[in-house]
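Chain by chain, the residues run as shown.
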Amino acid sequence: MMINEIDGVDWESMGHAYGPASGVPGWLRGMASADPGVRDEAFNNFYGAAHHQGDFYPCTAASLPFLFEMADSPATPDRGSVIELVLSIGRESLDMDPEGVYFTPDGTESRAHVDALAVIGGRAEAFVRWVRDPDPLVRRPAIEGLGLFLGDGVRAVEVLRGLLAGSGMVERLLVVRTVATVALRDAAVHGAAAGWLDVLAGDAAQVPEVRLAALVHRARCAPGEIGNAVVPAAVGLLRRITPGEIGGEDEASCRAGAEPGDAAESAPSPGVPPQIAAAIEDLERHGRVHAPTTSLLKALHTLLGDRVLERTALLAEQLCSADPGVRYDAISMARELMGQWRGDHSGLVVLLGGCLLPGDAYTAAAAAEALGSLGPLGEPARESLASSVGEARAEHGPRVWAARDRLVRRAHQEAVRALACLGDLRALPCVLAALDEGTDAWRAVQVAGHLAGAAGDLTPRLSKLLAEVDFADASQSMSAGALVSALRELADPQAAAALTGAVTAAVREEQWHTAAAALNALASLGRGAAFAVEAVRPLADAQDVTVRAAATAALWELEGEAAGVVPRLVELLDTHEHDEATVVLGRIGPAAAPALPRLRKMLTAGYEWTRVYAAAALWDIGGDAEAPAVVETLLEAWAENDATSNHVLACLGRMGPAAGPALPPGSEGAHPSAPQRPLPQHLQRRGTAGRLPHHHSLLLSTPAQATEQQRPQHPPGKHPAQLP
């Protein structure tokens with residue numbers, strides 16, 4: 001075997017992500033080991049160093065002949081994983097510039113990606129053998145490799161078409177996708193391949209999954225030619241798919257439901273904050289695929305792009321599918337659509353609420369999590385969430401928040417959290433129980449701030465938990481930050497003492513980020529926390545700039561004396577906290593006039609966010625005299641970066657009639673002779689809906705109405721007359 005010649009390669013002269021490649025021959029041998037543990041370690045080591053994050057090194061290319069030999073040998077225990085590694089190396093090679101020269105970590109020039117493609121191309125006939133292998137785990141990566149690397153496109157399509165009959169569902173869908181891949185890389189076969197896909201999509205003798213794949217990948221071959229009939233056809237095919245049509249070897253991987261360990265209790269890892277452990281679980285969960293059509297539907301959504309109405313119709317069908325896997329995977333697609341594109345998404349929100357089924361806790365948890373991420377846009381599902389919470393308490397008892405069954409617990413917790421995010425006090429009993437009993441209390445803390453109507457119940461509990469934080473333990477910083485954030489949102493003066501204690505403790509332990517957050521929370525209480533001034537004042541001279549900025553802002557909110565804070569804020573304009581300083585200067589208003597010259601200079605900054613903050617402060621301090629420069633700066637920044645829109649519109653709203661040049665032509669309040677600035681094309685549709693609640697109303701209302709919509713609430717204890 002060629003693997004016996006592995007020591008003849010000068011591995012020492014090569015390197016990988018972490019140094020010399022001397023370990024590579026051992027990893028290659030390990031991939032052929034009969035011991036599964038040894039194999040797993042070998043693959044992990046190779047991916048982590050010789051193919052680190054898809055990177056290429058000479059040792060990566062030098063490994064390919066041995067990988068091909070292992071994949072060809074019946075004695076290799078896990079040939080499918082070997083072929084997947086070859087495929088990964090090949091895919092990454094294709095994505096690199098064939099004329100480019102890259103550098104290894106030690107600075108050596110490398111064209112290993114070109115060498116890798118040469119090796120794979122020279123051995124591409126192996127893929128033709130592997131696609132006919134009896135092992136489906138060998139066939140699946142081989143199908144994609146055949147489409148990417150067999151030089152003869154006509155032969156590739158011929159071989160692929162011959163595989164369609166008699167294959168399992170996963171392989172059939174791969175075959176259809178790969179024919180489209182060949183068509184896209186080889187113009188000589190594009191017409192014939194596209195024609196075959198057309199025929200396949202209309203072939204009533206084929207199962208609907210295959211027809212759907214052909215429909216989607218035919219569109220992929222010519223995305224500019226997608227007509228109005230594609231989505232209705234896809235919907236019709238989805239309706240014909242039933243769970244019973246997927247069977248045999250593919251069924252286990254395509255059903256939504258509990259994975260091993262999901263329903264069992266597991267002990268948290270010692271020393272790992274629960275938020276981190278949960279985030280790792282979320283990453284694993286979100287990577288699961290529950291239906292063979294998921295990749296097809298994702299591809300179709302990508303192809304449809306900004307055709308929001310058609311995508312909404314498609315998602316509505318997915319969320320109502322008889323296949324639980326299709327329904328489950330549609331949840332994340334709906335969440336993505338609503339997060340990226342503006343529009344009336346209430347219908348999708350209602351359908352997500354319909355996924356809160358008590359008999360399917362796995363899907364219900366995903367739906368509730370998605371609804372919670374939508375914020376106010378989740379309103380149409382309010383009653384569905386409340387029903388879910390009530391039904392769980394009725395079935396599992398009042399302590400269901402801490403249920404031993406992890407699926408039931410997670411579904412209930414996510415529903416409570418989503419309901420709390422809507423400010424619905426029906427979530428309160430569950431939140432209070434979590435805070436009192438301690439199980440997963442951090443999840444309740446994260447949403448407690450939305451329940452302002454229950455501040456009297458929540459503030460004492462949150463304050464007690466904050467007082468119990470050990471600021472010397474860095475692993476508790478996330479919990480401290482969440483508690484501070486919740487207290488800030490509740491804005492209850494009862495929290496002032498606990499927040500002051502948190503500031504002192506965090507500074508003592510040099511937990512600067514937490515100290516700054518607690519200072520900001522104190523500032524939100526206004527004069528109601530005035531007794532904390534003596535603890536805050538020394539921190540305005542703190543070495544840490546973030547703490548210094550937060551303390552200076554807090555002094556203004558607690559005392560309201562501009563003379564002492566404006567010079568400090570002007571100094572902060574030359575630090576990385578310049579945005580925070582400009583915001584506070586704007587809140588101070590005309591009394592911050594000494595900052596005007598520096599703020600005017602900031603309008604020429606290269607970073608658009610710096611210009612937006614400076615322009616807003618200029619208006620709040622200087623008023624009408626600054627209006628022309630402010631309007632021009634805001635609109636230019638908005639055109640440059642859509643993410644600035646909320647800040648831009650808030651300032652334009654405060655400007656009232658002075659913002660006339662920014663209004664659409666013909667709007668009430670726009671000056672007839674003022675130059676009109678149309679809304680940039682890319683801003684008319686794209687944007688995070690949950691982040692842009694007032695876009696259209698601001699653009700279509702009068703300046704006075706816009707001002708009222710965007711006027712910020714004054715801090716507790718601060719009279720409105722003190723605001724700019």
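Residues numbered from 1 in each chain as written. Predicted model: local features only at pLDDT ≥ 70, side-chain atom pairs only at ≥ 80, totals over all residues. Heavy atoms only, no water.

**Comments concerning the nonpolar core**
Which entries qualify depends on this criterion: The term nonpolar core refers to a set of buried residues drawn from Ala, Val, Leu, Ile, Met, Phe, Trp, Tyr and Cys, joined through side-chain atoms within 4.5 Å. Accessibility here uses a 1.4 Å probe with only protein chains present; expressed as a share of the type maximum, an area under 20% marks a residue as buried, one over 50% as exposed, and anything in between as partly exposed. Here a helix means four or more residues in a row that DSSP labels H or I, a strand means two or more in a row labelled E, and each is numbered from the N terminus.
Judged by nonpolar contacts, the single largest core of 226 residues is most densely connected at Phe-127 and Leu-458. Among the elements that line this core, the one with the most residues is helix α28 (residues 545-559), at ten residues.

**Digging into helix α18 (residues 361-373)**
Defined as follows: For a helix, the expected span equals 1.5 Å multiplied by the number of residues minus one. Every residue pair with non-hydrogen atoms within 4.5 Å of one another is taken to be in contact.
When the terminal C-alpha atoms of α18 are compared, their 18 Å separation across 13 residues agrees well with the 18 Å that a helix rising 1.5 Å per residue should span. Along α18, eleven of the 13 residues are buried, which leaves the element largely enclosed by surrounding structure. Listed as buried for α18 are Ala-361, Tyr-362, Thr-363, Ala-364, Ala-365, Ala-366, Ala-367, Ala-368, Glu-369, Ala-370 and Leu-371. In this fold, the buried residues of α18 make contact with α13 (274-286), α16 (324-340), α17 (346-354), α19 (382-396) and α20 (406-421).

**With respect to the packing of aromatic side chains**
Under the convention used in this document: Two rings from Phe, Tyr or Trp (for Trp, the six-membered ring) form a pair when their centres are within 6.5 Å of each other. A pair whose planes differ by under 30 degrees is stacked, one over 60 is edge-to-face, and the rest are tilted.
The final tally for this structure, using the stated rule, is seven aromatic pairs. These aromatic residues form a ring-pair network of at least three members: Phe-68, Phe-127, Trp-130 and Phe-149.

**Concerning the packing of α16 against α17**
Inclusion rule: Axis lines are fitted through C-alpha atoms, for helices just across the contact stretch, and the angle between N-to-C directions can take any value from 0 to 180 degrees. These descriptions rest on fixed angle ranges, namely under 35 degrees for roughly parallel, over 145 for roughly antiparallel, 65 to 115 for roughly perpendicular, and the rest for oblique. In this scheme the crossing of two helices becomes right-handed for a clockwise turn of the near helix relative to the far one and left-handed for an anticlockwise turn of less than a right angle. Throughout, the ten residues Ala, Val, Leu, Ile, Met, Phe, Trp, Tyr, Cys and Pro are labelled nonpolar, Asp, Glu, Lys and Arg are labelled charged, and all others, Gly among them, are labelled polar.
Taken N-terminus to C-terminus, the directions of α16 and α17 make an angle of 150°; their axes are 11 Å apart at the nearest point. As summarised for this structure, α16 and α17 are arranged roughly antiparallel, according to the angle between their axes. You can see that α16 and α17 cross each other, and the crossing is left-handed. Residues Ile-331, Leu-337 and Met-338 of α16 lie in contact with α17, whose contacting residues are Leu-348, Val-349 and Leu-352. Taken together, the residues of the contact of α16 with α17 break down into six nonpolar, no polar and no charged.

**Points about the side chain of Thr-644**
With respect to the helices and strands, Thr-644 occurs in the loop between α33 (627-640) and α34 (645-655). When its relative accessible area of 0% is taken as the criterion, Thr-644 is described as buried.

**Overview of the confidence of the model for the protein chain**
If pLDDT is low for a region, its predicted coordinates should not be looked at in detail. The condition that has to hold: As a per-residue quantity, pLDDT reports the predictor's confidence and falls between 0 and 100.
Predicted confidence across the protein chain gives a mean pLDDT of 87, with 87% of residues reaching 70 or more. Here residues 245-261 scores under 50 on pLDDT; set against residues more than four positions off or in separate chains, the count is 38 contacts. Segment residues 669-724 is flagged for pLDDT under 50; beyond a separation of four residues in sequence, or across chains, it makes 113 contacts in the model.

**Quick notes on the pattern of salt bridges**
What counts here: Any Lys or Arg side-chain nitrogen located within 4 Å of an Asp or Glu carboxyl oxygen qualifies as a salt bridge.
Going through the model one piece at a time under the given rule, you end up with 36 salt bridges. Here Arg-285 and Glu-281 are joined by a salt bridge, their closest N and O atoms 3.9 Å apart. With Arg-285 and Glu-281 both in helix α13 and four residues apart, this pair spans about one turn of that helix. Between Asp-440 and Arg-409 there is a salt bridge, and its shortest N-O distance comes to 3.5 Å.

**Concerning α19**
Heads up, the condition is: Working note: the arc is built from the helix axis to C-beta atom directions.
With 15 residues, α19 extends 21 Å between its outermost C-alpha atoms, agreeing within 8% with the 21 Å of an ideal straight helix rising 1.5 Å per residue. For α19, the complete set of buried residues consists of Arg-382, Leu-385, Ala-386, Ser-388, Val-389 and Ala-392. Seen along its axis, α19 keeps its buried residues to an arc of 160°; they face one direction. What points out from α19, more than 90 degrees from its buried face, is the exposed set Ala-394 and Glu-395. Residues of α19 that are buried make contact with α18, α20 and α21 (428-437). Taken from the residues just after α19, Gly-397 is the one with a positive phi, measuring 95°.

**Here's the deal with unusual backbone geometry**
Although it is not a glycine, Gln-53 sits at a positive phi angle of roughly 50°. Positionally, Gln-53 belongs in the loop between α2 (36-50) and α3 (58-72). A residue is classified by how much of its surface remains accessible, and Gln-53, at 71% relative accessible area, is exposed. One non-glycine residue, Glu-510, lies in the positive phi region at around 60°. As for its position among the elements, Glu-510 is in the loop between α25 (496-508) and α26 (512-524).

**Brief notes about the environment of Ala-42**
Its location among the elements puts Ala-42 in helix α2. Residue classification places Ala-42 among the buried positions, given a relative accessible area of 4%. It is 9.1 Å that separates the C-alpha atoms of Ala-42 and Ala-32, two residues lying ten residues apart in sequence. Excluding residues that lie within four positions of it along the chain, Ala-42 makes contacts with Trp-27, Gly-30 and Met-31.

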